[in-house]
Amino acid sequence: GLGLGGPIEMAVGWPLVSVMTLFVAVSLAELASAYPTAGALYHWASILGGPRVGWWTAWLNLIGQVAVLAGIDYAFADFLREALGLADDRLHLSVLAIYAVVLATHGLLNHLGIRLVTVLNELSAWYHLVGTALLVGALLLWAPLQPASFLLRRFVAPTEHGVIYPFAYACLVGLLQAQWTFTGYDASAHVSEETKGAQQAAP
C-alpha cells in the first residue's frame, strides 16, 4: 500500500475498504441468522440459487480453504526457517520439512478436539489485541513524527523492471492489501453447527 500509492492510499484506502467490507459482513450475518446450518455457504447458495450454484460454491470454497491454509502455512514455514537461521537451498528442503511439521501439527490439533482449538482461538484473540495495542503504543512513542501534509503524499514506487504504474491503477493494487486482510466472514457460518443459539450467536 505504501509502495503503490503512498500515504494517501493508506490513509484513505484502509477506511474505505473497512466500510465497504462491513456491507459484506452484514450480508453474511443476515444469511447466518436466516440459515444457521452446518452446510453454510453451499447450503445458502443452494437455497438462493439452486443446486448447481450450491455445487459450485461447495467446490470453490473447498479449494479456497485448502489453498489458503497451504499458503499461510508455507509462508509461516519460510518465516520460521529464516528465524531459525537455516539456509534456503534450491530445492527448498528446509522449508518443506518445517512445512510438513506445521501441517502435521494442525492435523493433530484438529484431531484432539474442539476444546483445545477453542482455547487456542481465545488465546489468539487476546494475543492479537495485546500485540496490536503494543505496536500502536510503540509507534506513538518512537515513530518519527511527520507533518499532517504527509498523509496527502502520493507516489508510486517503480517495479524491479523500472515500470511505474499510473497512480489510479497503483492505488487499486495497493488496496488489495487491505482487502486481503479483511477476510473470513464465512467463519460464523462454518461454526453454526457447534454453536448454541446459532440463529443469534453465529451472526
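Please read all numbers here as calculations on a predicted model, not as lab measurements.

Novice: Honestly, the packing of helix H3 (residues 51-83) against helix H4 (residues 93-112) in this entry has me stumped. Any pointers?
Specialist: To characterise two packed helices, one gives the angle between the axes of the helices and the distance between these axes. Viewed as axis vectors pointing N to C, H3 and H4 meet at an angle of 125°, and their least axial separation amounts to 8 Å. The angle between H3 and H4 falls in the class oblique. Here H3 runs over H4; the crossing is right-handed. Contacts from Leu69, Ala70, Asp73, Tyr74, Phe76, Ala77, Asp78, Leu80 and Arg81 of H3 reach H4 at Ser94, Val95, Leu96, Ile98, Tyr99, Val102, Leu103 and His106. A class-by-class count of the residues in the contact of H3 with H4 yields 12 nonpolar, 2 polar and 3 charged.

Novice: In this structure, what is going on with the nonpolar core? I would like to understand it.
Specialist: By size, the foremost hydrophobic cluster in this structure holds 8 residues: Leu28, Ala32, Ala40, Leu41, Trp44, Ala189, Ala198 and Ala202. Secondary structure elements with two or more residues in this core: helix H1 (7-34) and helix H2 (41-49). Residue contacts for Ala40: discarding those within four places in its chain leaves Ala189 and His190. Counting residues in hydrophobic clusters, the runner-up holds 5 residues, among them Ala77, Ile98, Tyr99 and Val102.

Parameters and conventions
- Residues numbered from 1 in each chain as written.
- Predicted model: local features only at pLDDT ≥ 70, side-chain atom pairs only at ≥ 80, totals over all residues.
- Heavy atoms only, no water.
- Axes fitted to C-alpha atoms, helices over the stretch in contact; angles between N-to-C directions.
- Helix = DSSP H or I, 4+ residues; strand = E, 2+ residues; numbered from the N terminus.
- Parallel < 35°, antiparallel > 145°, perpendicular 65-115°, else oblique.
- Left-handed = near helix turned anticlockwise from the far one by under 90°.
- Contact = heavy atoms within 4.5 Å.
- Nonpolar A, V, L, I, M, F, W, Y, C, P; charged D, E, K, R; others polar.
- Core = buried A, V, L, I, M, F, W, Y, C linked by side-chain atoms within 4.5 Å.
- Buried < 20%, exposed > 50% of the residue type's maximum accessible area, 1.4 Å probe, protein only.

These figures capture arrangement, not role.
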